[in-house]
Amino acid sequence: MAPDRTIEQDFTEAFKTSESQYRRAMEAIAGGVTHDVRHMKPFPLYIENATGSRKWDADGHELIDFVMGHGALLFGHGHGEIVEAVNQQMARGTHFGAGHELEIEWGERIKQIVPSVDRVEFTSSGTEATMMAMRLARAYTGRDKVLKFAGHFHGWHDYAMVGEQAPFNRKVPGIPQAVVDTMVVAPVNDIAFVEQALAKGDIAAVILEPSGASWASIPVPDGFLKQLRELTEKHNTVLIFDEVITGFRWAPGGKQESEGVTPDMTTMAKIVAGGLPGGAVGGRADIMDLLAFKDEPGWNAEKKVGHPGTYNANPLSAVAGATCLQMAANPRVQKHADELGVRLRTGFNKVLVDENVPGFVWGESSVFHVILGETCENQTGGDIHIPQGVDPVRLKSGSDAKYDHALYQGMLLNGVDLFHGGGLISSIHTEKDIDATIDAFRKTVTRMRDEGMFK
Ligand SMILES: Cc1ncc(COP(=O)(O)O)c(C=O)c1O
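Residues numbered from 1 in each chain as written. Predicted model: local features only at pLDDT ≥ 70, side-chain atom pairs only at ≥ 80, totals over all residues.

Undergrad: Summarise the packing of helix 15 (residues 331-354) against helix 18 (residues 431-450); cite the residues concerned and give the values.
TA: Two elements in contact, helix 15 and helix 18, have axes whose closest approach is 9 Å; the angle formed by their N-to-C orientations is 20 degrees. The orientation of helix 15 relative to helix 18 falls into the category roughly parallel. Considering only the axes of helix 15 and helix 18, their crossing is right-handed. Of the residues in helix 18, those in contact with Leu340, Arg343, Leu344, Gly347, Phe348, Val351 and Leu352 of helix 15 are Glu431, Ile434, Thr437, Ile438, Phe441, Arg442 and Val445. Partitioned by chemical class, the residues of the contact of helix 15 with helix 18 number nine nonpolar, two polar and three charged. (Axes fitted to C-alpha atoms, helices over the stretch in contact; angles between N-to-C directions. Helix = DSSP H or I, 4+ residues; strand = E, 2+ residues; numbered from the N terminus. Parallel < 35°, antiparallel > 145°, perpendicular 65-115°, else oblique. Left-handed = near helix turned anticlockwise from the far one by under 90°. Contact = placed C-beta atoms within 7 Å. Nonpolar A, V, L, I, M, F, W, Y, C, P; charged D, E, K, R; others polar.)

Put into structure tokens, the structure is as follows:
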């Protein structure tokens, strides 16, 4: 029997203060939200404070958080050691306009943990890191083009946004055609396309999310990274792993460690800066050295790759990053979060099968994605890494909006904040958190079913 109130009606009533804050935001902030991914219908959530695995919204609801700072908070909100280190640094100074020991320590920690990194350079975000990695690769090879894969996200600079959203050949507003012409967008996981493109000899770099697009939403097949490594080596093309999400999460050394494939360059952000703004690009010394000032005869200053940036390696991000990486170097951290990932994905899929709700949940490491309204061929109520028989465009874009919104609102009504139709688990979440989340999922999808949404 259909309940007499809809999920959306209950949501709108329970989260009233967020609605009024959103109305206010619409007058001051373009589009009301400060990151496209935070746009939500009928309105996004406004949060007041957070600690550990929880956060509290403007109406006082306690929520188990799976947004986790867009994946930046491997140790949850307000981890004691990071907070303490940042507070102390705050009193000592937030910007010296000069070098400081913390940036050296931060760089050393990255170098120790990430296999591909001989040298590192800091940026203020992942977007800047991928922009710099592409620039270094162009300068190193003397070639202009960069190959990326359809659907892979590398931030929001002009080169990165080409081919990111479906339809992947669409014109992206505001991006010059001259920039588009320097990007070669390979179809998802198409190694033959890459081979043909690299053989032309004009591609500086191949960049990809080594998990596959948007943190394993379109996973890469087994052996794919190794094949890319071989091809890029053969054609003297720089291989860039964008480990902004996978870095320090898939393993302490990221996907390159868990897969045993070492790229030439790696881009990092999120966890690398311990939850504060920051990013880094690292890689082979001979490539990274293009950033160096060299006091040697014959050195051509015009060949140096430029690298300004007011907030690069600022002391607050440096101390948060160094403190976080010291903890993230212990593989038990990732193991705990990964185990919770398996528990959550398995629990959600079991609910869908038990309750006869069309849908599937998949992911790797400590991330998960949910699609409702259709199923995949290998839905058996267990964990899924690669959903079979589903269009990759669907995997990237997620459920139809009506399911997505109802899931989001229903989970919030049951005390859980999802991210982008899925989520990222931290090492601070507990089995109890996951079981409460599975329970919230059961309540939400059965209510959606009883509202007749899947007919
Ligand atoms: C794989 C990947 N690369 C790059 C970026 C851009 O990082 P930022 O948002 O710090 O600019 C993101 C952000 O989500 C990302 O997931």
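Undergrad: Pulling in residues and values, what's your account of the pairing of strand 10 (residues 265-269)?
TA: Here strand 10 lies mainly inside the structure; five of its five residues are buried. Covered by surrounding structure in strand 10 are Met265, Thr267 and Ala269 together with Thr266 and Met268, the residues of both alternating faces. In this sheet, strand 10 lies alongside strand 9 (residues 238-242) in parallel orientation, the contact comprising three bridges. Bridge assignment links Asp242 to a residue of strand 10, and that residue is Thr267. (Buried ≥ 20, exposed ≤ 12 C-beta atoms within 10 Å, placed from the backbone. Pairing = 2+ DSSP bridges.)

Undergrad: Run through the environment of Ser397, naming residues and quoting values.
TA: Locating Ser397 in the fold gives a position in helix 16 (residues 392-397). Taking the number of C-beta atoms within 10 Å as the measure of exposure, Ser397 has 18 and is therefore partly exposed. C-alpha separation for the pair Ser397 and Asp36, spaced 361 residues apart in sequence, amounts to 14 Å.

Undergrad: Break down the confidence of the model for the protein for me, with residues and values.
TA: Scored by pLDDT, the protein has a mean of 97; 99% of the residues are at 70 or more. Taken element by element, the protein is modelled with least confidence in helix 16, mean pLDDT 94, and with most confidence in strand 9, mean pLDDT 99. (pLDDT = per-residue confidence, 0-100.)

Undergrad: Which residues make up the site of the ligand, and what values go with them?
TA: Around the ligand lies a shell of 14 residues, among which Ser125, Gly126, Thr127, Gly155 and Val244 are the nearest. Top element by residues in the shell around the ligand is helix 6 (residues 126-141). It accounts for three residues. For the shell around the ligand, the residue count by class is four nonpolar, eight polar and two charged. (Near = placed C-beta within 6 Å.)

Undergrad: Any details on the environment of Asp57? Residues and values, ideally.
TA: Looking at the secondary structure, you find Asp57 in strand 2 (residues 54-57). C-beta crowding within 10 Å serves as the criterion here: with 20 such atoms nearby, Asp57 is assigned to the buried category. Once the C-alpha coordinates of Asp57 and Ile47 are considered, the two residues, ten residues apart in sequence, prove to be 4.0 Å apart. Excluding its chain neighbours within four sequence positions, the residues that come into contact with Asp57 are Phe15, Ser18, Leu45, Tyr46, Ile47, Glu48 and Leu63.

Undergrad: Describe the sheet that holds strand 14 (residues 416-417), listing the residues and the values that go with them.
TA: Strand order in the open sheet formed by four strands is 1-2-3-14, and the pairing between neighbours is mixed. Here the strands that pair on one side only, and so sit at the sheet edges, are strand 1 (47-51) and strand 14. Taken together, the three bridges between strand 2 and strand 3 (residues 62-65) define a ladder with antiparallel strand orientation. In the strand pairing of strand 3, Trp56 is matched with Glu62.

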